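Chain and residue survey
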Amino acid sequence: MDYAAVVLLEIIYMIAFLVLTSAGLAVVFGMMRVINLAHGEFVMIGGYTTIACAKAGINIYFAMLIVAPLVVGVLGLVVERLVVRQLYGRMIDTMLATWGLSLLMVGIVTFIFGNTAVSVPAPIPGYELGEFQMGGYNLFIIGIATLLILCMWLVMRFTRLGLVARGAMQSADVASALGYDPKRVYMWTFTVGAALSGLAGGVLAPLTGLLPSSGGAYIAKAFITVITGGAAVITGTLSSSIIFGTINQVVSFGSTPVIGEIAMLAFAVVLLRLMPQGITGRFFRNAP
Amino acid sequence: MSEMIVETRDLSMRFGGVLAVNNVNFNLRERELRCLIGPNGAGKSTLFKCMTGLHEINHSNGRVFIRGQDVTGWRPHEIVRLGVGIKTQVPSVMNGLTVWENLWLSARRIHGKNGAYPEVDRVIEELGLQTHMRRNVGELAHGQRQIVEIGLVLCQRPKLVLLDEPAAGITGAEADRLVELIHGINQQAAVVVVDHDMNFVRMLGGSVTVLHQGAVLMEGATDAVMNNAKVREVYIGNRAK
Amino acid sequence: MIGDAANFSSAGRTHWGWIIAISLLLLLLPAVFDTNTPTLLGIWALFALSLGLMWGYAGILSFGHAAYFGLGAYTYAITSMNLGESTAAWMLAILLPAFVAALIGAMMFYGRISDVYMGVITLVFSLIMAKFMGATAGDAYSIGNARLGGFNGIPAFPILNVPGDPSTLIIGVPLYYLVVCCLIFCYLISRWVLSSAFGRILLGIRENESRIELLGYNAPAYKTAIFSLSAAMAGMAGCLFASWAEIVTPALFGLGQSVEVIIWVIAGGLGTLMGPVIGAVLLGTMKLLLGGQTFIDNSLVIGAILVLVVLLLPRGLLPTAMGWRKQQDQRSVSRARNNSMRRRTGERRQPRATAGQDKSGGQS
């Protein structure tokens, strides 16, 4: 019974992890059809910001929930204005340029912080579930991810901002018709996406030692999750996270974590072959 | 009795909530000339795409026969090989290649390595493309690109030719030439022309099928159909007196 | 008349003068330089050529081309370790990637998968290979005599020998000559393909896949074929790498390697054959030079280069350099720019209603 609870928790945790690390990428892809391959580095920089703040004495929750998103949001703004804006409509070029930016950022962070791992302890202690020792911080992560999805849904559904956003998703003309300059809508969208990536990095910072190359671990899974999810931001990310998180953990429990990851990757290929537009290209078409 | 070049049976095509093609039974005989008209959104281009496999269909959509062969569910390249050529509504040509190269690719499939060259020369001559031969198609004007696309169709000597708005953006004298060209094609092939320009349709002659909201409203000789009250109502939107 | 380049100029020309001149230079190089680094550069150039052929002329961008490079390397290592002789290993290292690519290509192209989604699938395949190979530590994971070795890879396998004579190893200068010959051979094969009807149809597919289908060509079949050929060349490069490095590791399948080759191709010039070669040689040299010091990180420089190339030099180095020479002929310059840019972007699809969107139109 306890074992079942542990497995369930691990699955939910994996889903939350995927949601958290994909949200930023999903917002930008779903709204602008832009694939920001520097997303992993945004997450990484969010982590470094949090750790630097924590080491400087700032409250860690404040650092990860406020400072990190702000810092990375500003970074995203700069990136959008200097690079991404020049390449709208050119999806492959955007992917290549943002990949270049990601390499650039890794280089800069390495230059500043060096190549040794930095870390900060998890602020929430572990607990026991029957005879299993569980990480308490994981529950916090699950909580944040849930809160995130909820907030995004509420904003999309019930605020004017969300309405404009959903309109701009359909086409830039809709945003114009509503009286908003599409360029500014895109600029803020990218900024929000970057901020979400920073948030993820901040929240995940206490988990392991952070290296400049840590971003690479996030981008591949996030990329696959978002593309397979399809164009709908919330529903797409959620559905693919649920599917992949479950498969990853279930197979991992049955064999090894590596096999679990491979199973998840293989399943992504199968899904895409069956649904070339992603999950929400076929189901839940008009969901936010 | 001459063979049916193309025949659709109870063909329907739905996009989300919209029934773009509604139980259409469309037939065409060898070397027949038909104009397919109807207001915007009537389903004309969709019908073409169903006939050429550009929209994937299966037996739940109905059936399509080309030269007696059931091509329901076939892919475009398989259907085209039965002798079908289509000029699409938006010019579908290879913009980064020259006019000559475009035509060569088309001619190569039917006429083979050696026969392709004289065929390309023949079509260039017939369509008057000599001056543009070495230019990239992407640099040409819209009307010229349409001519190139017709050239692509001609190179394959098809038995069924579908022309979706060939007269779009074409003026007076060019329109006359186009009518002549289509009549020339009609000597060897059945032709279906979609267009909005009623004068052009009249000049072509042949018979007319009117589509409205995805269904066949009426079929018959050009003048009879054009003067029909119901047809005019559909086009003009008020009761014709 | 195959080779009627004057008529089908979009497929490019075989510049025999340049080819002979460069070949001579390459063959005389060992008289002046140590061949160790040039051999590696030649291997990378071959790898870049394989991607450049497929991407520049058929419009197929793979985000995981390293999978076939790595597959070639590992296949060689495992086979030569088991057989003790390299000839069969060499052949298998070329054929196996080709075969695997044919399977994956068929699955993708017949399934009408478009741009981005194809990027995901090719990426995923290389990630699966990398992860799998990285996890194969221990005796349990071995093929015949060869232990797969997990992260550490496979060391100490027999390197290439003269066919039929296992004691005569191809190492040092002879290996350099072998690499140069392979590079020239594959270059000529590529030129031959491009001057044939098959190659010209590929150009048509790149420009407008939908229209090519409407002309009666089975586009997925052609795409699968070129994908397979490209993988074979990448496998050959991988095999040569294995023999040069004398060790194969999972990093060969890695994302880093896949992205690097993409950068080499577009920096050098997408849409040409020499461009990727030049890109690989120049950027590869830079990577090796930077690797020798720790002040400036290689990532930083190559990242900056990639961003700058995409923003400022969309055609890449070679076409830009050639463009300066032909400054009078403005039309060809703008045409090439638009071609090159649109080649990478693939917008303006003409979708098929139910199946996925197939790439057409926008590859101008």
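Rules behind the numbers
- Residues numbered from 1 in each chain as written.
- Chains lettered and ligands numbered in written order.
- Predicted model: local features only at pLDDT ≥ 70, side-chain atom pairs only at ≥ 80, totals over all residues.
- Helix = DSSP H or I, 4+ residues; strand = E, 2+ residues; numbered from the N terminus.
- Rg over C-alpha atoms; globule rule 2.2 N^0.38 Å.
- Buried ≥ 20, exposed ≤ 12 C-beta atoms within 10 Å, placed from the backbone.
- Core = buried A, V, L, I, M, F, W, Y, C linked by C-beta atoms within 7 Å.
- Domains from an automatic or database assignment.
- Contact = placed C-beta atoms within 7 Å.
- Pairing = 2+ DSSP bridges.
- Axes fitted to C-alpha atoms, helices over the stretch in contact; angles between N-to-C directions.
- Parallel < 35°, antiparallel > 145°, perpendicular 65-115°, else oblique.
- Left-handed = near helix turned anticlockwise from the far one by under 90°.
- Nonpolar A, V, L, I, M, F, W, Y, C, P; charged D, E, K, R; others polar.
- Expected span 1.5 Å × (residues − 1).

What follows deals with the overall build of chain A. Along chain A, the regular secondary structure elements total 12 helices and 2 strands. Ordered by position from N to C terminus, the α and β elements of chain A give α-α-α-α-β-β-α-α-α-α-α-α-α-α. A compact globule built from 288 residues would reach a C-alpha radius of gyration of about 19 Å, and chain A, at 19 Å, matches this within 12%. The C-alpha extent of chain A, read off along each of the three principal axes, is 60 × 45 × 35 Å. Within the span of chain A, comprising 288 residues, buried residues form 53% of the whole.

One broad trend across soluble globular proteins is that nonpolar side chains are buried collectively. By size, the foremost hydrophobic cluster in this structure holds 283 residues, and its most contacted members are Ala 48 and Val 124 of chain C. Here this core gets 17 residues from one element, more than from any other, and that element is helix H8 (residues 219–245) of chain C. Looking at which domains feed residues into this core, each of domain 1 (1–83 + 159–241) and domain 2 (91–157) of chain B supplies at least three. Among all residues touching Val 124 of chain C, those that are not within four sequence positions of it are Ile 224, Leu 265, Ala 268 and Val 269 of chain A.

Another aspect to go through is the pairing of strand E8 (residues 84–87) of chain B. All names here are of chain B. Burial along E8 is two-sided: Val 84 and Ile 86 and Gly 85 and Lys 87, pointing in opposite directions, are all buried. Across 4 bridges, the pairing between E8 and strand E9 (residues 160–164) is parallel. Bridging from a neighbouring strand, Val 84 pairs with Leu 160 of E9.

Residue and element names in this part refer to chain C. At a closest axis distance of 8 Å, the pairing of helix H3 (residues 66–83) and helix H4 (residues 87–110) adopts a crossing angle of 140°. It follows that H3 is oblique to H4 by the angle criterion. The chirality of how H3 crosses H4 is right-handed. Of the residues in H4, those touching H3 at Tyr 68, Leu 71, Gly 72, Thr 75, Tyr 76, Thr 79, Ser 80 and Leu 83 are Ala 88, Ala 89, Trp 90, Leu 92, Ala 93, Ile 94, Leu 96, Pro 97, Val 100 and Ala 101. Its residues assigned to classes, the contact of H3 with H4 comprises 14 nonpolar, 4 polar and no charged.

This brings us to the interface of chain C and chain A. Tallying the contact residues gives 36 residues for chain C and 36 residues for chain A. For the side of chain C that touches chain A, the secondary structure elements donating two or more residues are helix H5 (115–134), helix H9 (255–268), helix H11 (298–312) and helix H13 (330–345) of chain C. Considering each element in turn, the side of chain C that touches chain A owes the most residues, 10 residues, to H5 of chain C. When grouped by side-chain class, the residues that make up the side of chain C that touches chain A number 23 nonpolar, 7 polar and 6 charged.

Within the element layout of this structure, Met 322 of chain C appears in helix H12 (residues 317–325). In sequence terms Met 322 of chain C and Leu 28 of chain C are 294 residues apart; their C-alpha atoms lie 26 Å from each other.

As a further point, take helix H1 (residues 2–32) of chain A. The first and last C-alpha atoms of H1 of chain A sit 44 Å apart over 31 residues, in line with the 45 Å expected at 1.5 Å per residue. Once H1 of chain A ends, the next one or two residues include Arg 33 of chain A, with phi positive near 55°.

All names here are of chain B. Domains assigned within chain B are domain 1 (1–83 + 159–241) and domain 2 (91–157). Centre-to-centre separation of domain 1 and domain 2, based on C-alpha positions: 24 Å. Counting residues at the interface gives 6 residues for domain 1, matched by 6 residues for domain 2. Along the lines of polarity and charge, the residues of the side of domain 1 that touches domain 2 split into 3 nonpolar, 2 polar and 1 charged.

The subject of this paragraph is unusual backbone geometry. Of note in this structure, Arg 33 of chain A is not a glycine but carries a positive phi near 55°. With respect to the helices and strands, the residue Arg 33 of chain A is situated in the loop between H1 and helix H2 (39–55). By C-beta crowding, Arg 33 of chain A is classed as partly exposed, having 15 other C-beta atoms within 10 Å. The backbone phi angle of Glu 246 of chain C is positive, close to 60°, even though this residue is not glycine.

What follows concerns the interface of chain B and chain C. Taken together, the contact pairs 28 residues of chain B with 26 residues of chain C. Every element with two or more residues in the side of chain B that touches chain C is listed here: helix H2 (76–80) and helix H3 (99–127) of chain B. Looking at the side of chain B that touches chain C element by element, the count peaks at 8 residues for H3 of chain B. Here the residues of the side of chain B that touches chain C sort into 12 nonpolar, 10 polar and 6 charged.

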